[in-house]
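# Understanding the architecture of this molecule
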Amino acid sequence: MSDSTKRPRRRGAALEEAILRAAADELATSGYAGFTMDRVAARAGTNKNALYRRWPNRLALGVDAYRLLTATVQPPDTGDLREDALEMLRRANRHWSSPLGMILRELMAAAGGASELLTRLPDQSTDTTAATWLTILGRAVARGEAAPEALHPRVATVAIVLLRNEFVVRGVPTAPDDVLVEIVDEVFLPLVRRRGPAGS
């Protein structure tokens, strides 16, 4: 490539976006174990100093790259609380069982107690998770399937927390569908129904 056709030098937001996209591609290709600042810099066509000026270490860059890889998905709206809850768990199970889910588990292990980094992961943000499940519960309340008292963050997120434990605590590669059904039918729905007169 001649000097006249070289890409103009990127700065500011343009360079940051190029680095982040390169990091996302590298993370998807190599996983976190093979994710290095050198490889991201080479893929982005820049130097490591440009990365370190924006991210203090590879973990911080890896977390932001993972966020770019995971698109925000709207919660299901089947018209039935049980089916919505099962669909949410099935989506999470598929994601956590996928190569991208393996990257998430690697990032969580690397972050350890760095809660400020973990909260930046869409899958681990308590507020984001609660908001999604509260949306599902709110629709159920509007349909008369649940009482307004059920709209509590701990009630809303109990199912996804139990599924997360299957992966994080028990270390399963994927959860069988009967486990998801058990979580919804034996824990989530009974808890929702006990919160107020609806369904009693």
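To be clear, the structure that these remarks concern was listed above.
Our subject in this report is the structure included herewith. (Residues numbered from 1 in each chain as written. Predicted model: local features only at pLDDT ≥ 70, side-chain atom pairs only at ≥ 80, totals over all residues. Heavy atoms only, no water.)

### A closer look at the pattern of salt bridges
Inclusion rule: Throughout this description, the term salt bridge denotes a Lys or Arg side-chain nitrogen within 4 Å of a carboxyl oxygen of Asp or Glu. Accessible area is worked out with a 1.4 Å probe on protein chains only. A residue is then buried under 20% of its type maximum, exposed over 50%, and partly exposed in between.
Summed over the entire model, instances satisfying the criterion amount to 14 salt bridges. Put simply, E145 and R143 hold a salt bridge, and the shortest N to O gap is 2.6 Å. Classification of R143 by relative accessible area gives partly exposed; the value is 33%. One salt-bridge network, held together by shared partners, links D77, R139, R143 and E145.

### Here we look at the nonpolar core
Within soluble globular proteins, side chains that are nonpolar generally end up buried alongside one another. Selection criterion: Put simply, buried Ala, Val, Leu, Ile, Met, Phe, Trp, Tyr and Cys residues joined by side-chain atoms within 4.5 Å make one nonpolar core. Throughout, a contact is declared for two residues whenever any of their heavy atoms are within 4.5 Å.
Counting 58 residues, the largest nonpolar core has I19, L61, L89, W133, L163 and F188 as its most contacted members. Setting aside anything within four residues of it in sequence, one finds I19 in contact with V40, A44, T46, A50, L51, R54, W55 and L61.

### What to know about the packing of helix α1 (residues 12–30) against helix α2 (residues 37–44)
Just so we agree on the cut-off: To obtain an axis, a line is fitted to C-alpha atoms, over the contacting stretch when the element is a helix, and the angle between two such axes runs from 0 to 180 degrees between their N-to-C directions. Put simply, DSSP marks the helices as runs of H or I at least four residues long and the strands as runs of E at least two long, and each gets a number from the N terminus on. The scheme is simple: roughly parallel for angles under 35 degrees, roughly antiparallel for over 145, roughly perpendicular for 65 to 115, oblique for anything else. In a left-handed crossing the near helix is turned counterclockwise from the far helix by less than a right angle, and in a right-handed crossing that turn is clockwise. When residue character is reported, Ala, Val, Leu, Ile, Met, Phe, Trp, Tyr, Cys and Pro are called nonpolar, Asp, Glu, Lys and Arg charged, and the others, Gly included, polar.
Axis separation between α1 and α2 bottoms out at 8 Å; the angle between their running directions is 125 degrees. Judged on the interaxial angle alone, α2 and α1 are oblique. Note on packing geometry: the crossing formed by α1 with α2 is right-handed. Here α1 contributes A18, I19, A22, A23, D25, E26, T29 and S30 to the contact with α2, which in turn contributes R39, V40, R43 and A44. Its residues assigned to classes, the contact of α1 with α2 shows 6 nonpolar, 2 polar and 4 charged.

### Considerations on helix α5 (residues 81–97)
Applied cut-off: For a helix, the expected span equals 1.5 Å multiplied by the residue count minus one. N or O atoms closer than or at 3.5 Å make up a polar contact, with two conditions inside protein: a donor-capable atom paired with an acceptor-capable one, and, for residues adjacent in sequence, both atoms drawn from side chains.
When the terminal C-alpha atoms of α5 are compared, their 24 Å separation across 17 residues agrees well with the 24 Å that a helix rising 1.5 Å per residue should span. Those residues of α5 lying buried are L81, D84, A85, L86, M88, L89, A92, N93, H95 and W96. Near the N-terminus of α5, the side chain that reaches the backbone nitrogen of R82, with its oxygen 3.2 Å away, is that of D80.

### Focus on the packing of α5 against helix α10 (residues 177–194)
Between α5 and α10, whose axes approach to 10 Å, the crossing angle comes to 135 degrees. By the angle between their axes, α5 is oblique relative to α10. Relative to α10, α5 is oriented so that their crossing is right-handed. Judged by residue contacts, L81, R82, A85, L86, L89, R90 and N93 of α5 engage D177, L180, V181, I183, V184, D185, F188, L189 and V192 from α10.

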